[in-house]
Amino acid sequence: MSLSVDETFLAYITSTVMATAGDTENDKTQLWIKDLRSTDDKTAVQIPTDGQLLAFVEWGPRQQQEDNGSHSLFFTTTDAWHRPESVWVASLVVDDDLLVSNNQPIQIYHNSDETVLVDVQRTKGCQYVAISASTKTTNEVYLVSSELSKPPLLVRPRQVGVQY
C-alpha cells in the first residue's frame, strides 16, 4: 500500500490465492487506486497488469504538465516462485477530477538472477524512486527521477560482500 506524494490517492494490491500446495497457477493479484477525496467506493481504479503477480507498489515523484501534474506509479511483478524480479511504471493523470491511465505500464527494470529480490521505495524527499536489487550478501540500487524517459541511474555497481 502506498500514498501518493500529495496524499490524494492510495494504491494497493489485492491478492486472491486459489492454489493448492505447490500449485500457484491460479493465484491472482490486482492493483487498485482509491481517490481519498471521495467516500464513494466506485472511485477505485484498476491498473492493467496483464495478469502478472504483484509484490510491491510505490508512488513516484509528480511529473509536471501544463495544467496539472501527472502521477507515476511503480510496481513489481514476480516470477513463478513469487520472487519480485521486475519493476514497472504507469503514468496517470487527473482528468475532470478523475485519475486515468496515460498508457500501458512499461517495464523499466528486470533481474533474472534467482538469488536477487527486487523492491521499490520512494525517497524521503519524494524526488526519486529507488529500485533495490538485493541478495543476502550484496545489493545495488538504481534511482528513477520524474523524467521517466531517462533510464534508471545506477548508484553503485554490485560488489560481492558489500551492501549499502
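Residues numbered from 1 in each chain as written. Predicted model: local features only at pLDDT ≥ 70, side-chain atom pairs only at ≥ 80, totals over all residues. Heavy atoms only, no water.

As for the side chain of threonine 8
Then comes step 1: With respect to the element layout, threonine 8 can be found in the loop between strand S1 (2-3) and strand S2 (9-16).
Then comes step 2: Within the structure, threonine 8 has its side chain in polar contact with the side chain of aspartate 6 (distance 2.8 Å).
Then comes step 3: Dropping the residues within four chain positions of it, threonine 8 is found in contact with Lys34, Asp35, Leu36 and Arg37. (Helix = DSSP H or I, 4+ residues; strand = E, 2+ residues; numbered from the N terminus. Polar contact = N/O pair within 3.5 Å; in protein donor to acceptor, adjacent residues only side chain to side chain. Contact = heavy atoms within 4.5 Å.)

As for the packing of aromatic side chains
Then comes step 1: Scanning the model with the defined rule gives 2 aromatic pairs in all.
Then comes step 2: Taken together, a centroid distance of 6.3 Å and an interplanar angle of 35 degrees make the contact between phenylalanine 9 and tryptophan 59 tilted. Residue phenylalanine 9 is located in strand S2, and its partner tryptophan 59 is located in strand S5 (residues 54-59); the two are separated by 50 residues in the primary sequence. Each member of the pair, phenylalanine 9 together with tryptophan 59, is buried.
Then comes step 3: On the basis of an interplanar angle of 50 degrees and a centroid distance of 5.1 Å, the ring pair of tyrosine 109 and tyrosine 142 is categorised as tilted. Residue tyrosine 109 is found in strand S9 (residues 106-110), and its partner tyrosine 142 is found in strand S12 (residues 139-144); the two are separated by 33 residues along the sequence. (Phe/Tyr/Trp six-rings, centres within 6.5 Å; stacked < 30°, edge-to-face > 60°. Buried < 20%, exposed > 50% of the residue type's maximum accessible area, 1.4 Å probe, protein only.)

Here's the deal with the sheet that holds S1
Then comes step 1: Strands sit in the order S1-S2-S3-S4 across an open sheet of 4 strands; the sheet is antiparallel. Each edge of the open sheet is held by one strand with a lone partner, namely S1 and strand S4 (45-47).
Then comes step 2: In this structure, S2 lies alongside strand S3 (residues 28-35), joined through 8 bridges in antiparallel fashion. Residue pairing across strands places isoleucine 13 opposite leucine 31, the latter belonging to S3. (Pairing = 2+ DSSP bridges.)

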